[in-house]
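Chain residues, written in single-letter form:
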Amino acid sequence: MKVVAALVVLVLLLLASPGVSQAPDDKLIVPGQRIGKWTLEMTIDTLLQMNGLQNLPPFIGPSPVYPMRRWYSDSNSEIWGQEWFNLHFQAATRGRDAQRLEYVFIESDEFKTDKDIAVGVTRQVVENAYGQPTAVTRIADPRVGTLRLIYDEIGLATVIDRNEIVVKVCVFRARTARALWNF
C-alpha cells in the first residue's frame, strides 16, 4: 500500500514539474520578462512548438523570418523577426538562425501590464504609469508607428502611432535597449 501511494505521489510530481517551469497562460505583460505565456527565456524552437509555424500577412512575403531593420530595429541589421500574425505576436533574434530571443511584442489589446498599459491606450497613459521614458525614438516606417517609447530600466517599449495611441507593446531584457535601438 505504501509503495502504491509513493508511486502515485511520484507520478503526480513528475506530471506537475513541467508546469512549474512554464509561465502562466495569462494575458499579463511583465516588463523585462514576458508577454502572457511567451517569455524571453524561451527559444524560437520553443515558440514554434507552442504556436505552430510562423505565419505572415501577404505584404511581407513568403519568408517566415525577416530582417527587422526594415521597420523596427534601427541599431542592428542582425535583428531578425518571426511573426505569428494570427496571434498578433512577434519575436526577434540576433541573427537569422539564432535561438535566443532579444525581444517579443504584441499587437493585441487583450494583453496588459499590471499598470493597465496595452495596445489602444494613449501615450499620456503610458507616461502617467511609467514616467518619462529613457528614450523616445522615431520609427522610419509610418505604417508601423511613428515613435518608440523606451523604458530601459524595466525592459518595456511601446510603439506610438501618429494619433498618440499605442499600437505595439514590446518586452526586452532590462538595460539592453542600446543594443537594440539607436538613442
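Residues numbered from 1 in each chain as written. Predicted model: local features only at pLDDT ≥ 70, side-chain atom pairs only at ≥ 80, totals over all residues. Heavy atoms only, no water.

So, about the overall build of the chain. Check the secondary structure of the chain and you find 3 helices and 12 strands. In the chain, which comprises 183 residues, the share counted as buried stands at 46%. Pairs at least 24 apart in sequence give 47% of the contacts found in the chain among residues at least 6 apart. When the accessible area of the chain is evaluated, it comes to approximately 9,700 Å², of which 57% is carbon and sulfur surface. (Helix = DSSP H or I, 4+ residues; strand = E, 2+ residues; numbered from the N terminus. Buried < 20%, exposed > 50% of the residue type's maximum accessible area, 1.4 Å probe, protein only. Contact = heavy atoms within 4.5 Å. Areas by Shrake-Rupley, 256 points an atom, 1.4 Å probe, with all protein chains shown as cover.)

Tracing the sequence through the fold places Ser108 in the loop between strand S7 (101-106) and strand S8 (112-113). The class of Ser108 is buried, set by a relative accessible area of 8%. Only 3.2 Å separates the side chain of Ser108 from the backbone nitrogen of Glu110, close enough to count as a polar contact. (Polar contact = N/O pair within 3.5 Å; in protein donor to acceptor, adjacent residues only side chain to side chain.)

Right, let's get into the packing of aromatic side chains. Scanning the model with the defined rule gives 7 aromatic pairs in all. Each ring, one from Trp38 and one from Phe89, has its centre 4.0 Å from the other, and the planes form 20°; the classification is stacked. Note that Trp38 is positioned in strand S3 (residues 38-39) and Phe89 in strand S6 (residues 89-94), a separation of 51 residues in sequence. Both residues of the pair, Trp38 and Phe89, count as buried. Following the ring pairs from residue to residue traces out a cluster consisting of Trp38, Trp84, Phe89 and Phe111. (Phe/Tyr/Trp six-rings, centres within 6.5 Å; stacked < 30°, edge-to-face > 60°.)

What follows deals with the sheet that holds strand S2 (residues 34-35). Spatial ordering of the open sheet is given by S3-S2-S1-S8, a layout of 4 strands whose pairing is mixed. Looking at which strands have only one partner, the edges of the open sheet turn out to be S3 and S8. Inspection of the sheet shows S2 paired to S3 by 2 bridges, in the antiparallel sense. Looking at S3, one finds that Ile35 is bridged to Trp38. (Pairing = 2+ DSSP bridges.)

Another point: the pattern of salt bridges. Side chains bearing opposite charge may pair, as long as their charged atoms lie close to each other. If you walk through the whole model with that rule in mind, you get 8 salt bridges. Two residues, Arg94 and Glu102, come together in a salt bridge whose shortest N-O distance is 3.6 Å. What makes Arg94 partly exposed here is its relative accessible area of 29%. Linking Glu164 and Arg123 is a salt bridge whose minimum nitrogen-to-oxygen distance equals 3.8 Å. Of this pair, Glu164 sits in the loop between strand S11 (156-160) and strand S12 (166-172) while Arg123 is found in helix H3 (residues 123-130), placing the two residues 41 residues apart along the sequence. Glu164 sits in the partly exposed class, given a relative accessible area of 37%. Classification of Arg123 by relative accessible area gives buried; the value is 18%. Via salt bridges that share partners, Arg94, Arg100 and Glu102 belong to a single interconnected network. (Salt bridge = Lys/Arg side-chain N within 4 Å of Asp/Glu carboxyl O.)

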